[in-house]
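Remarks on the overall topology
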Amino acid sequence: QVQLVESGGGLVQPGGSLRLSCAASGRIISITAMRWYRQAPGKEREWVAVVITKNGFTNTADSVKGRFTISRERGKNMMYLQMNSLKPEDTAVYYCHALIEGRTYWGQGTQVTVSS
């Protein structure tokens, strides 16, 4: 059984920074890709960022480009989201998602609140 656990969320003022972590554990041989999604109150879940294991390719949504950086630590099956210059509209529950050996997994989410 594979589990994804997010951490690092919290309350931050506009312009501040947070670093989210996602730890993948369980019977894992190969992770194909890992992604961050977020869901704000009353809105649909949206994709934020992706990292492809095979070639290290990364990409971020236009709404966070230049402010958020996704990275992965392969040896520890960890993924990170460095969030800088946070805005109130970044307030959401952030979810970790992974494609592992043909199956998809989700974490439980971590709350990020940007407010003064």
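Up top is the structure.
A brief report on the enclosed structure follows. Numbers given to residues run from 1 along each chain, matching the order in which its sequence is written. Since the coordinates come from a predicted model, pLDDT governs what is reported: local features require at least 70, and pairs of side-chain atoms require 80 or more to be given and counted, while whole-chain, interface and lining totals use all residues. Computation of side-chain values: all heavy atoms of the structure, hydrogens and water removed.

Attention now moves to the packing of aromatic side chains. The rule is short: rings of Phe, Tyr and Trp, with Trp giving its six-membered ring, pair when the centres are within 6.5 Å, and they are stacked under 30 degrees, edge-to-face over 60, tilted in between. Considering all chains together, one arrives at 2 aromatic pairs under this definition. Consider the rings of Tyr 37 and Trp 106, whose centres lie 4.9 Å apart with planes at 55°: the pair is tilted. Remark: Trp 106 occurs in strand E10 (residues 103-106) and Tyr 37 occurs in strand E4 (residues 31-39); sequence separation between them is 69 residues. We classify Trp 106 as partly exposed; its relative accessible area is 38%. For the ring pair Tyr 95 and Trp 106, a centre distance of 6.4 Å and an interplane angle of 85° mean the geometry is edge-to-face. Taken together, the positions of Tyr 95 in strand E9 (residues 92-100) and Trp 106 in strand E10 put the pair 11 residues apart, joining distant regions of the chain. Through a chain of ring-to-ring contacts, three or more aromatic side chains come together here, namely Tyr 37, Tyr 95 and Trp 106. Under the DSSP-based scheme used, a helix requires at least four consecutive residues in state H or I and a strand at least two consecutive residues in state E, with every element numbered from the N terminus. Each residue is assigned to one of three classes by its accessible area relative to the maximum for its type, calculated with a 1.4 Å probe on protein chains only: buried under 20%, partly exposed between the two thresholds, exposed over 50%.

A few words on the side chain of Asn 77. In this fold, Asn 77 is placed in the loop between strand E7 (68-73) and strand E8 (78-83). Side chain to side chain, Asn 77 and Arg 72 meet in a polar contact 3.4 Å long. Excluding residues that lie within four positions of it along the chain, Asn 77 makes contacts with Cys 22, Ala 23, Ala 24, Ile 28, Ile 31 and Arg 72. Two N or O atoms form a polar contact when they lie within 3.5 Å of each other; inside protein one atom must be a possible hydrogen donor and the other a possible acceptor, and for residues adjacent in sequence the pair counts only when both atoms belong to side chains. Contact between two residues is taken to exist if any of their heavy atoms lie within 4.5 Å; hydrogens are not considered.

Here Lys 76 lies in the loop between E7 and E8. Relative accessible area serves as the criterion here: at 57%, Lys 76 is assigned to the exposed category. Distance from Lys 76 to Val 64, taken between C-alpha atoms, is 26 Å for residues 12 residues apart in sequence.

The next point concerns the sheet that holds strand E3 (residues 18-25). DSSP calls a pair of strands paired once it identifies at least 2 bridges connecting them. As summarised here, the arrangement of the 4 strands in space is E1-E3-E8-E7, forming an open sheet in which the pairing is antiparallel. A strand with exactly one partner marks an edge of an open sheet, and here the two such strands are strand E1 (3-7) and E7. The average undirected angle you get between the axes of adjacent strands in this sheet is 15°. With 5 bridges joining them, E1 and E3 adopt antiparallel strand pairing. Pairing of Glu 6 across the sheet is with Cys 22, part of E3. Lines fitted to C-alpha atoms define the axes here, with helix axes fitted over just the stretch in contact, and angles between the N-to-C directions of these axes take values from 0 to 180 degrees.

On to the state of the cysteines, then. Put simply, a disulfide is two cysteine sulfurs that come within 2.5 Å. Counted by the stated rule, this structure contains 1 disulfide. Disulfide pairing places Cys 22 opposite Cys 96 at an S-S distance of 1.9 Å. Taking the torsion about the S-S bond as the criterion, the Cys 22 to Cys 96 disulfide, at about -70°, is left-handed. Taken together, the positions of Cys 22 in strand E3 and Cys 96 in strand E9 put the pair 74 residues apart, joining distant regions of the chain. Both residues of the pair, Cys 22 and Cys 96, count as buried.

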